[in-house]
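# Close look at the chain arrangement
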Amino acid sequence: MLISEMDIITPQTVNDCLLILSKKETEHRIIAGGTDAVVRMKEGKWLPSTWINIKGLKELRYIKEINGTIHIGPLITHTDIIHSSLLQKKANILVEAAREVGAIQMQNMGTIGGNIGTASPAGDTIPALYVLNAAVELQSLHNKRLIPINLLFTGPGRTVIKPNEMITNIIIQPQTENEIGIFQKLGPRKAQSISIVNVAIMLSMAKDRECLGGKIAFGSVAPTIIRAKKCEALLPLNPLTDDIIENIAKIAWKEVMPITDGRATAEYRRDMASALLERGLYRLMRRWERK
Amino acid sequence: MKELNFTVNGSLHSVSCHPAKTLLDVLREDLDMTASKECCGKGECGSCSVLLNGEVVCSCLVLVGQLENEEITTCEGIGLTANMDVIQESFVEEGATQCGYCTPGIIVASKAFLKNIDQVPTIDEIKTALGGNLCRCTGYTKIINAIQMAAKKELQEKGAMPAV
Ligand SMILES: Cc1cc2nc3c(=O)[nH]c(=O)nc-3n(C[C@H](O)[C@H](O)[C@H](O)COP(=O)(O)OP(=O)(O)OC[C@H]3O[C@@H](n4cnc5c(N)ncnc54)[C@H](O)[C@@H]3O)c2cc1C
Ligand code: FES
Ligand code: FES
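Cut-offs and rules
Residues numbered from 1 in each chain as written. Chains lettered and ligands numbered in written order. Predicted model: local features only at pLDDT ≥ 70, side-chain atom pairs only at ≥ 80, totals over all residues. Heavy atoms only, no water. Pairing = 2+ DSSP bridges. Helix = DSSP H or I, 4+ residues; strand = E, 2+ residues; numbered from the N terminus. Right-handed = clockwise from strand over helix to strand, strands pointing away. Domains from an automatic or database assignment. Contact = heavy atoms within 4.5 Å. Buried area = accessible area lost by both parts, 1.4 Å probe. Axes fitted to C-alpha atoms, helices over the stretch in contact; angles between N-to-C directions. Near = heavy atom within 4 Å. Polar contact = N/O pair within 3.5 Å; in protein donor to acceptor, adjacent residues only side chain to side chain. Salt bridge = Lys/Arg side-chain N within 4 Å of Asp/Glu carboxyl O. Buried < 20%, exposed > 50% of the residue type's maximum accessible area, 1.4 Å probe, protein only. Parallel < 35°, antiparallel > 145°, perpendicular 65-115°, else oblique. Left-handed = near helix turned anticlockwise from the far one by under 90°. Nonpolar A, V, L, I, M, F, W, Y, C, P; charged D, E, K, R; others polar. UniProt positions renumbered as here; feature names shortened; annotations may be inferred.

### Points about the pairing of strand E2 (residues 28-31) of chain A
Residues and elements named next belong to chain A.
- In the sheet, E2 pairs with strand E3 (residues 50-53) via four bridges, with the strands oriented parallel. In the sheet register, Ile 30 faces E3, and the bridge partner there is Ile 52.
- What joins E2 to E3 is helix H2 (residues 37-42), and the crossover it makes is right-handed.

Structure (structure tokens):
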């Protein structure tokens, strides 16, 4: 398909969009902010005959609290996340992750649905969504299903989303009073850079440095985002002193299965996974003590 | 080919082209507005920055078929030689441009940034706001100075800061 022959259609409602997706005649792909889609179109990787432009679907741009959970529409941009007072208060780790996406230009256009849809192992909002126990709602014309985020991705760029489905909602569990979270990222440049390694850490704290448990999700060190279960198992055993933090971080290399690519070698990624975890836990403890 | 309607710098334009053409190419080729520059073509350098409904975006990553009834502002719309914006005047005064290739994109990004300030931004704030704009010539110091100068002038005009 030549770019000059591609069509773009703009459905006016979610239902219109699902109807188009349900038809098989054309080879189509959704475009939201386009920050991944247009780059891949230019690279010749994504060349659908029709782009389904959902950027203007206001129905899918919301952040609201419902029965103790937070619902985020897939068309919420990274800028929307950064400016949301609800998320700042109850899901700050997602705000920290959105701040790390690209630079202002990408944050204004790029959406959370697109970040999930691209399914990059380096996607910055995804580790944050893991530790917030996110579930992603997939809708087709006649069906709706809710997939826990850890079951959504099957490999780099691959998800269980079917061709006739779209993301219509992302549901997260808000952080509680005694939960603290942090997102850490290492990229080649401060802005506009894809993560070499990133990590989201969420801890449930008792008093002082006593930790009741926690979740650690690494990005860019395996075919999909991974939870560091061995590190997590060590969190509640001891107060998180600086020495213990160093020990937990040391075993991070056992959890990760990185590859060498244009951005970094596998060995460097291993070392940096440990370093980011150590730095993250250390900074979290400093924040907790100041709280 | 499709007929597409959108507003650029306050006036309504109707362009007939293929819908998957980038806004950047349409601006330069169909509308003869050449302030926005192509450099990387993939969102990394910011030289193609324009305002879409007031927010700064990379026009090299926006497809024109997505723009029906939207509003775009390019550097031309911020000011031309005869009616320069405060930001542009400050760039001239400070000597914040050399080859000039990055400048229109930086002016656009600065315009969006300075719209929301209530005090002169710090160097770090400016670095974050302009993180998506690369310049190969100036070393950034003069760009940062020019933006601070423009901020001062704008705040003085608004009466939020005493004139010196
Ligand atoms: C210069 C540059 C820097 C970047 N930096 C970062 C970074 O630091 N961190 C990071 O994580 N990402 C980064 N990105 C990638 C990108 O900006 C993000 O992944 C962004 O969130 C994608 O959102 P979008 O709306 O632009 O997606 P689009 O490009 O519109 O779509 C991406 C994919 O998701 C699918 N999709 C979109 N919405 C839906 C939906 N509702 N349902 C089903 N499928 C859907 C599309 O079909 C497509 O396959 C960068 C990109 C560029 C160009
Ligand atoms: S040309 Fe658009 S960001 Fe470089
Ligand atoms: S002045 Fe030459 S690139 Fe900035």
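Having seen the model, we can carry on.
### Brief notes about the domain arrangement of chain B
Residue and element names in this part refer to chain B.
- Domain assignment breaks chain B into domain 1 (2-78) and domain 2 (86-158).
- A separation of 22 Å is found between the C-alpha centroids of domain 1 and domain 2.
- Every contact between the two is made by 16 residues of domain 1 and, on the other side, 13 residues of domain 2.
- Summed over both sides, the interface of domain 1 with domain 2 buries roughly 1,200 Å², with 66% coming from carbon and sulfur.
- When the buried surface of domain 1 facing domain 2 is broken down by residue, Lys 37, Cys 75 and Ile 78 rank first, second and third, together holding 38% of it.

### Points about the sheet that holds strand E5 (residues 71-73) of chain B
Residues and elements named next belong to chain B.
- Pairing is mixed in the open sheet, where five strands are placed in the order E2-E1-E5-E3-E4. Each of the sheet's edge strands pairs with one partner strand only, and the pair in question is strand E2 (11-17) and strand E4 (55-58). Averaged over all pairs of adjacent strands, the angle between their axes in this sheet comes to 40°, without regard to strand direction.
- As judged from the seven bridges shared by strand E1 (residues 2-8) and E2, these two strands associate in the antiparallel manner. The residue bridging Val 8 from the neighbouring strand is Ser 11, located in E2.

### Concerning the site of ligand 1
- Taken together, 37 residues lie near ligand 1, and Ile 30, Thr 35, Asp 36, Ala 37 and Thr 111 of chain A sit nearest.
- The environment of ligand 1 is shared, with nearby residues belonging to chains A and B.
- Here an oxygen atom of ligand 1 sits 2.8 Å away from a polar atom, N or O, in the side chain of His 78 of chain A.
- Gly 102 of chain A is positioned such that a nitrogen or oxygen atom in its backbone is 2.9 Å from an oxygen atom of ligand 1.

### Some details on the pattern of salt bridges
Residue and element names in this part refer to chain A.
- Scanning the entire structure with this criterion turns up 18 salt bridges over all chains.
- Here Glu 65 makes a salt bridge to Lys 90, at a shortest N to O gap of 2.6 Å. A residue pair is termed long-range when its members are at least 10 positions apart, and Glu 65 in strand E4 (residues 63-66) and Lys 90 in helix H4 (residues 85-90) qualify at 25 residues.
- In this structure, Glu 232 engages Arg 227 in a salt bridge whose closest nitrogen and oxygen atoms are separated by 2.6 Å.
- On the accessibility criterion, Glu 232 (9% relative accessible area) is buried.

### Focus: the sheet that holds strand E14 (residues 226-227) of chain A
Residue and element names in this part refer to chain A.
- A sheet is described by the order of its strands in space; here four strands give the open sequence E11-E12-E13-E14, paired in antiparallel fashion. Two strands close off the open sheet at either side, each with one partner strand: strand E11 (179-186) and E14.
- Sheet analysis places E11 next to strand E12 (residues 197-205), joined by eight bridges and oriented antiparallel. Looking at the pairing, Gln 184 lines up with Val 199 of E12.
- Across the sheet, helix H5 (residues 92-99) lies against E11 and E12, angled at about 15° from E11, the strand it touches most.
- Each of E11, E12 and strand E13 (211-219) touches helix H11 (residues 266-290); the most contacted strand, E11, lies at about 145° to it.

### Some points on the packing of helix H3 (residues 86-94) of chain B against helix H6 (residues 141-158) of chain B
Residues and elements named next belong to chain B.
- Where H3 contacts H6, the two axes come as close as 8 Å, and the packing angle between them is 135°. On the basis of their axis angle, the class for H3 and H6 is oblique. Judged by the twist between their axes, the crossing of H3 over H6 is right-handed. Along the contact surface, H3 presents Val 86, Ile 87, Glu 89, Ser 90, Phe 91, Glu 93 and Glu 94, while H6 presents Lys 142, Ile 143, Asn 145, Ala 146, Ile 147, Met 149, Ala 150, Lys 153, Glu 154 and Glu 157.
- In terms of residue class, the contact of H3 with H6 is made up of eight nonpolar, two polar and seven charged.

### What to know about the UniProt feature "domain: FAD-binding PCMH-type" (unreviewed entry) in chain A
- Following the UniProt record, one finds the feature "domain: FAD-binding PCMH-type" (unreviewed entry) at residues 1-177 of chain A.
- Between the C-alpha atoms that bound residues 1-177 of chain A the distance is 53 Å, and the span itself is 31% helix and 24% strand.

### Describing the domain arrangement of chain A
Residues and elements named next belong to chain A.
- In terms of domains, chain A is made up of domain 1 (3-53), domain 2 (60-172) and domain 3 (179-290).
- Taken residue by residue, the interface counts 22 residues in domain 2 and 24 residues in domain 3.
- On the domain 2 side of the contact with domain 3, Pro 121, Tyr 130 and Val 131 bury the most area, a combined 28% of that side's loss.
- Connecting domain 2 to domain 3 are two salt bridges.
- The partner of Arg 287 in a salt bridge is Glu 96, with the nearest N and O atoms 2.8 Å apart.

### Regarding the side chain of Thr 50 of chain A
Residue and element names in this part refer to chain A.
- In this fold, Thr 50 is placed in strand E3.
- In this structure Thr 50 comes out as buried when scored by relative accessible area, which is 8%.
- Aside from chain neighbours lying at most four places away, what touches Thr 50 is Asp 7, Ile 9, Thr 26, Glu 27, His 28 and Arg 29.

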